[in-house]
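Single-letter residue listing:
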Amino acid sequence: MTVYAIIGGTGLTQLEGLTMKALLNPETPYGAPSAGIVQGDYAGRDLLFLARHGHPHRIPPHQVNYRANLWALKQAGAQAVVAVNAVGGINAAMGTGHLVVPHQLIDYTHGRTDTFFEGELDHVTHIDFSHPYDEALRQKLLTALAATGHAHSDHGVYGCTQGPRLETVAEIARMERDGCDLVGMTGMPEAVLARELDLPYACISLVVNPAAGKSSGVITMAEIEAALADGIGKVREVLVRLFKA
Ligand code: HPA
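Residues numbered from 1 in each chain as written. Predicted model: local features only at pLDDT ≥ 70, side-chain atom pairs only at ≥ 80, totals over all residues. Heavy atoms only, no water.

- As recorded in an unreviewed UniProt entry, the protein chain goes by Probable S-methyl-5'-thioinosine phosphorylase and comes from Pseudomonas tohonis.
- Per UniProt, the protein chain carries the Function (unreviewed entry) text "Catalyzes the reversible phosphorylation of S-methyl-5'-thioinosine (MTI) to hypoxanthine and 5-methylthioribose-1-phosphate. Involved in the breakdown of S-methyl-5'-thioadenosine (MTA), a major by-product of polyamine biosynthesis. Catabolism of (MTA) occurs via deamination to MTI and phosphorolysis to hypoxanthine."
- The Catalytic activity (unreviewed entry) comment attached to the protein chain in UniProt states, word for word, "S-methyl-5'-thioinosine + phosphate = 5-(methylsulfanyl)-alpha-D-ribose 1-phosphate + hypoxanthine". (UniProt positions renumbered as here; feature names shortened; annotations may be inferred.)

Dropping the structure here:
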């Protein structure tokens, strides 16, 4: 059976129901991952879990060591990665509490180390990234999601911004013109690094606020935290269904 790794985002720094068998603290050629990797049993199968922002939550999106995280998961035996992220909703159909399994992304980040292919290389490599998310894994997530009955979208374009600040209204308007449905800060370079390591990767996004300019007020952390507390249980249900399948 495929050994899945879950990368938990904001609101998911640990996974209830995961029985820990070991806590791995690997060093990688890129430094240490965000936290120890929990190797455990979840819903009856082997699973790896990593808290993207550390445990407790302390590493902002632009300072996550994405290379160390992906490398460490691969070393620990991961064969596929399911990422969880909290996002702002740009598309009016994707309001707070909505779940989305994105099918595409646009990268607006800058200055993040986003490849393993650097330094002394035997040859220059350009990997294909036309479809950034693994379609088979996306479909499995969607099957699990449909079984929960929670409102969701089976596709969406995830725009990844640099953070840690939230966006301006004009930036969100531009992202909307670009075709983005969602905005988050952690989708890249995670997705491309997984591809470089040949790890099938897909994500499930929980909308925790309307993006800048998409509601009458400003975005508050209190609003985001309340939506996370409310919605993360739905994500857990999806994961349980996925791993029981
Ligand atoms: N913008 C960027 N990242 C986010 C947001 C947002 O509005 N909400 C949650 N993560």
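**Describing the overall build of the protein chain**
Stage number 1. Per the secondary structure count, the protein chain includes five helices and eleven strands.
Stage number 2. In terms of C-alpha radius of gyration, the protein chain reaches 17 Å, essentially the compact-globule figure of 18 Å for 245 residues.
Stage number 3. Based on the C-alpha atoms only, the size of the protein chain along its principal axes is roughly 45 × 40 × 30 Å.
Stage number 4. By residue count, 51% of the 245 residues in the protein chain fall in the buried class.
Stage number 5. Sequence-distant contacts, at least 24 apart, represent 80% of the contacts inside the protein chain between residues at least 6 apart.
Stage number 6. Carbon and sulfur atoms make up 52% of the accessible area of the protein chain, which totals about 10,900 Å².
Stage number 7. Distance between charge centroids for the protein chain: 4 Å, based on 18 positive and 25 negative side chains. (Helix = DSSP H or I, 4+ residues; strand = E, 2+ residues; numbered from the N terminus. Rg over C-alpha atoms; globule rule 2.2 N^0.38 Å. Buried < 20%, exposed > 50% of the residue type's maximum accessible area, 1.4 Å probe, protein only. Contact = heavy atoms within 4.5 Å. Areas by Shrake-Rupley, 256 points an atom, 1.4 Å probe, with all protein chains shown as cover. Lys, Arg positive; Asp, Glu negative; His and termini not counted. Charge placed at Lys NZ, Arg CZ, Asp CG, Glu CD.)

**Side note on the packing of aromatic side chains**
Stage number 1. A full pass over the atoms with the stated rule returns six aromatic pairs.
Stage number 2. Taken together, the ring pairs connect Tyr4, Tyr42 and Phe243 into an aromatic cluster. (Phe/Tyr/Trp six-rings, centres within 6.5 Å; stacked < 30°, edge-to-face > 60°.)

**A look at the site of the ligand**
Stage number 1. Residues in contact with the ligand, as listed here, are Ala86, Val87, Gly88, Leu166, Glu167, Val183, Gly184, Met185, Val208 and Asn209.
Stage number 2. Gly88 is positioned with one of its backbone polar atoms (N or O) 3.3 Å from a nitrogen atom of the ligand.
Stage number 3. For the ligand, a nitrogen atom lies 2.6 Å from a polar atom in the side chain of Asn209.
Stage number 4. Isolated, the ligand exposes 260 Å² of accessible area, and the fraction of that covered by the protein chains is 92%.
Stage number 5. Those elements that provide at least two residues to the shell around the ligand are strand 5 (80-89), strand 10 (182-184) and strand 11 (201-210).
Stage number 6. A per-element tally of the shell around the ligand places strand 5 first, with three residues. (Near = heavy atom within 4 Å. Polar contact = N/O pair within 3.5 Å; in protein donor to acceptor, adjacent residues only side chain to side chain.)

**Thoughts on unusual backbone geometry**
In terms of backbone geometry, most residues other than glycine have negative phi values and most peptide bonds are trans.
Stage number 1. Backbone torsion omega between Gly163 and Pro164 reads 0 degrees, so that peptide bond is classified as cis.
Stage number 2. Relative to the helices and strands, Pro164 is located in the loop between strand 9 (157-160) and helix 3 (169-178).
Stage number 3. Residue Pro189 follows Met188 across a cis peptide bond; omega there is 10 degrees.

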